[in-house]
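Residues per chain are reported as follows:
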Amino acid sequence: MKHKFVWNIPNVLSLYRLLMFPVILTLIFTKYETAFVWLFCINLVTDVADGFIARRFKMQTEFGALLDSWADVGTFILAFVGIIWFHSDFLKDQGVLFFGYLVLYYLQMVVSKIKFGIWVVGWHAYSVKVAGYLQAFFFVSLF
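Read on for an overview of the structure. (Residues numbered from 1 in each chain as written. Predicted model: local features only at pLDDT ≥ 70, side-chain atom pairs only at ≥ 80, totals over all residues. Heavy atoms only, no water.)

**Points about a nonpolar patch on the surface**
And step 1. Where nonpolar side chains cluster on the molecular surface, the patch consists of Phe 99, Val 103, Leu 107, Val 110 and Ile 114 and spans about 480 Å² of accessible area.
And step 2. Mapped onto the elements, Val 110 comes out in helix H5 (residues 95–116).
And step 3. Assessed through its relative accessible area of 36%, Val 110 is described here as partly exposed. (Patch = residues over 30% accessible without salt bridge, like charges linked within 9 Å, V, L, I, M, F, W, Y side chains within 5 Å. Areas by Shrake-Rupley, 256 points an atom, 1.4 Å probe, with all protein chains shown as cover. Salt bridge = Lys/Arg side-chain N within 4 Å of Asp/Glu carboxyl O. Helix = DSSP H or I, 4+ residues; strand = E, 2+ residues; numbered from the N terminus. Buried < 20%, exposed > 50% of the residue type's maximum accessible area, 1.4 Å probe, protein only.)

**A short note on the environment of Ala 54**
And step 1. Position of Ala 54 relative to the elements: it lies in helix H2 (residues 33–56).
And step 2. With sequence-adjacent residues up to four places away left out, Ala 54 is seen in contact with Pro 10, Met 59 and Gln 60. (Contact = heavy atoms within 4.5 Å.)

**Describing the environment of Tyr 32**
And step 1. Checked against the element boundaries, Tyr 32 lands in the loop between helix H1 (9–29) and H2.
And step 2. As a C-alpha pair, Tyr 32 and Phe 86 span 54 residues in sequence and 9.5 Å in three-dimensional space.
And step 3. If we skip the residues at most four places from it in the chain, Tyr 32 touches Leu 27 and Phe 86.

Rendered as structure tokens:
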């Protein structure tokens, strides 16, 4: 299925998140924790903003939903790697909480399998949004 890129603010914000993935990953591996946290938090804010703007101003596109989903996966990977890289001691002490963080992510796929019969990553439903907000709260409170 071919999706056409539409230049609108929500899609540009999602594209920004995708393009920042290698930059933020580099910050992790070069141990720039403060810069990592700030840029990661900007990614979280742009994630909320792109969805809000798209819905509020009726700028939703199929390509934008796909782009947002891929950016969400990248954001999850960055959070996961950042937590392991900068807070491995947390994993030793609070592994159960981290396991909860992972469960929130994978729960959305299980719900989609039960509800729709397919495995979907990054589908746009309220349960996914709640899980995402809880994950963001977890991340911000950890750092």
